[in-house]
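Chain and residue survey
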Amino acid sequence: MNGSATNEGVPPDSGDGTRAVRAGLPEPVKYEPTLPGPVFAAHFHLPGEPTGPYTYGRDENPTWTHLEHAIGELEAPGRDGVETLVFASGMAAISSVLFSQLRAGDAVVLPGDGYQALPLARAQLEAYGIEVRTAPTGADAQIEVLDGAKLLLIETPSNPGLDVCDIRRLAEAAHAQGALVAVDNTLATPLGQRPLELGADFSVASGTKQLTGHGDILLGYVCGRAGEPMTAVRRWRKIIGAIPGPMEAWLAHRSISTLQMRVDRQDTTALALAEALRARPEVSGLRYPGLPDDPSHKVASQQMRRYGCVVSFTLATRARAERFLDALRLVDEATSFGGVRSTAERRGRWGGDAVPEGFIRLSVGAEDPEDLVADVLRALEESGR
C-alpha cells in the first residue's frame, strides 16, 4: 500500500535526528529536488485499466505518500507491515478509527479526561447505538471498564491534565478481552513514545501540534499494522474525504526534518520551567511527567523517551490566572500546543475540561530557556500585585 512504511534509506539504528531529517525522502534522482514539491492534482492520467497507485485525488496523492512514509519511519522504525494514513486534522484521524471499527451494539472505552472534542464524538457514537464507557487516564483506570469492549482509546499523557497510563498493561488487558487499542500520541510525539512498540494496534495523533511545530498546519494521522483494521480506516477516509491538501502535507514533511531539534529544545525547557514553578508558593497542581516527583513520572519513565513540551498548573482564581496571562511577554495567549512560539491559556474558558477556573496549560516553545523562565516568573510576580 502506498502509505506503508518502507524504511528505505534510513538505517534501523539511526538516531532520532538522522531519522527525522531523512524520513520519507524518495530515492535520489539526478537534477530532481531532494523533497519533491507538492502535487496539486484532483485526477491523474489514467488510460486503460486503473492499476497504478494514483487515480483520484481523494484516494491518494504522491505528496501524502512521502509524508506517510516519514511518519511511519518515526512511529515504527525498522518495522515492516506498518501502514500510515494522513488526514485533514487530528480529530479526523481519531474519528476514522472510532467510526471504522465500531458498529451498533459495540462498546468503546474512552478517556474521561481526554481532549475536549471527545464528548462530541461520544454523542455521535451513542446516536449510532454504540455504548460509550469512560474512565480517567491515571492509575490505568480504564482497565476496570474494559469487559466486552470492542475498542479502547488511550490518551497518554492526557490533555490537559498530563496524567499517564501504562500502555503495555492496558494493551495486554484489552487484547485479552478481544479489544483493539488506539493510543493518542499527540502530546508525546513519536520521539517521545512509540505506541505500536508498546502493544497498541493504532497510534493516532494530531500533526497540528509538536510534530509539525509551527502552528500553521491542520493535520492528523493514523499509524497501524497493515491488515483489515487499517483497511477499514482507509475505507473510512475515502468515504468521508477528510484528506489533507498537498500543500499542508508538503509543509508537514518539511517541518518534520527539524522535529528532533525542536523537541529536544522544547522538552528540556519545559522541565526547567516545571522545576522553577515547583518552588513558587502561588502555584498548585503542577504537572509535568518529567519531574521526578510527578505522580506519573514512574510510569512515564518506563515508556517515554521524552516527556513533552506542555506544563500545567493552577493559580488560585480565574482573575489571578487572567492577570498572569496578560502579563506574559514571550508567551502568546492561544489554544493548541507544540509550536516553536510558547503559548498558554486558561483552559477553563472553553468548558468541557474538568479543571479549576485558574488552571493554566502552558506550551513551551523554542525561546531561550532563561528568557522564557524569567518571563513566566515575572508574570507570576506581577499577577499577584
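In short, a report on the structure. Bear in mind that the values here come from a model prediction, so they are computed numbers and not experimental data. (Residues numbered from 1 in each chain as written. Predicted model: local features only at pLDDT ≥ 70, side-chain atom pairs only at ≥ 80, totals over all residues. Heavy atoms only, no water.)

1. Topic: the pairing of strand S2 (residues 107–111)
This is how the line gets drawn: Only protein chains enter the accessibility calculation, which uses a 1.4 Å probe; a residue is then buried when its area is under 20% of its type maximum, exposed when over 50%, and partly exposed in between. For helices the rule is a DSSP run of H or I covering at least 4 residues; for strands it is a run of E covering at least 2, with both sets numbered from the N terminus onward. Crossover handedness is defined here as right-handed if the route from the first strand over the helix to the second strand goes clockwise, with the strands pointing away from the viewer.
Summarising burial for S2: 5 of the 5 residues are buried, a large majority. Burial along S2 is two-sided: the face carrying Ala107, Val109 and Pro111 and the face carrying Val108 and Leu110 are both buried. Handedness of the crossover joining S2 and strand S3 (residues 131–135) through helix H4 (residues 118–127) is recorded here as right-handed.

2. Some details on the pattern of salt bridges
For side chains bearing opposite charge, pairing can occur when the charged atoms are close. Defined as follows: Salt bridge, as used here, is a side-chain nitrogen of Lys or Arg placed within 4 Å of a carboxyl oxygen of Asp or Glu.
For the coordinates displayed, the defined rule picks out 34 salt bridges. In this structure, Arg346 engages Glu357 in a salt bridge whose closest nitrogen and oxygen atoms are separated by 3.1 Å. With Arg346 in strand S11 (residues 343–346) and Glu357 in the loop between S11 and strand S12 (359–363), this residue pair connects regions lying 11 residues apart in the sequence. Judged by its relative accessible area of 40%, Glu357 falls in the partly exposed class.

3. Here's the deal with the sheet that holds S11
To keep it simple, the criterion reads: By definition, two strands form a pair when at least two bridges between them are found by DSSP. Contacts between residues were defined by any pair of non-hydrogen atoms, one from each residue, lying within 4.5 Å. To define axes, lines are fitted to C-alpha atoms, for helices over the stretch in contact only, and angles between the resulting N-to-C directions are given on a 0 to 180 degree scale.
Taken in spatial order, the 5 strands make up an open sheet running S8-S9-S12-S11-S10, and their pairing is mixed. The sheet terminates laterally at strand S8 (284–287) and strand S10 (332–333), the two strands that pair on one side only. Here 5 bridges tie strand S9 (residues 310–314) to S12, and the two strands are oriented antiparallel to one another. Bridged to Thr314 within S12 is Phe359. In the packing of helix H8 (residues 259–278) onto the sheet, contacts are made with S8, S9 and S12, and the angle to S9 comes to roughly 15°. The strands touched by helix H10 (residues 318–327) are S9, S10, S11 and S12; relative to S11, the strand with the most contacts, the crossing angle is about 160°.

4. Notes on unusual backbone geometry
A cis amide bond links Thr156 to the next residue, Pro157, at an omega of -5°. Inspection of the secondary structure assignment puts Pro157 in the loop between strand S4 (151–155) and helix H5 (167–176). With an omega dihedral of 15°, the bond running from Asn159 to Pro160 counts as a cis peptide bond. Positionally, Pro160 belongs in the loop between S4 and H5. Notably, Ser336 is not glycine yet its phi reads approximately 70°, a positive angle. Note that Ser336 resides in the loop between S10 and S11. For Ser336, a relative accessible area of 24% translates into the label partly exposed.

5. Details of helix H3 (residues 90–101)
Side chains that are three or four residues apart share a direction in an α-helix, a result of its 3.6 residues per turn. What counts is decided by this rule: Helices are assigned an expected span. That span is 1.5 Å times one less than the residue count.
For H3, with 12 residues, the first-to-last C-alpha span of 17 Å sits near the 16 Å given by 1.5 Å per residue. What H3 keeps buried is the set Gly90, Ala92, Ala93, Ile94, Ser95, Ser96, Val97, Leu98, Phe99, Ser100 and Gln101.

6. Structural notes on the nonpolar core
The criterion, for reference: Only buried residues count toward a nonpolar core. Its members are Ala, Val, Leu, Ile, Met, Phe, Trp, Tyr and Cys residues joined through side-chain atoms within 4.5 Å.
One finds Leu277, Val311, Phe313, Phe324, Leu328, Ile360 and Leu362 to be the most contacted residues of the largest nonpolar core, which totals 31 residues. Elements with a minimum of two residues in this core: H8, S9, H10, S12 and helix H11 (369–383). The element best represented in this core is H11, accounting for 5 residues. For Val311, the contacting residues outside a window of four places in its chain are Leu162, Ala270, Ala274, Leu277, Leu286, Arg287, Tyr288, Ile360, Arg361 and Leu362. Listed in part, the 26 residues of the second largest apolar core include Val108, Leu110, Ala182 and Phe202.

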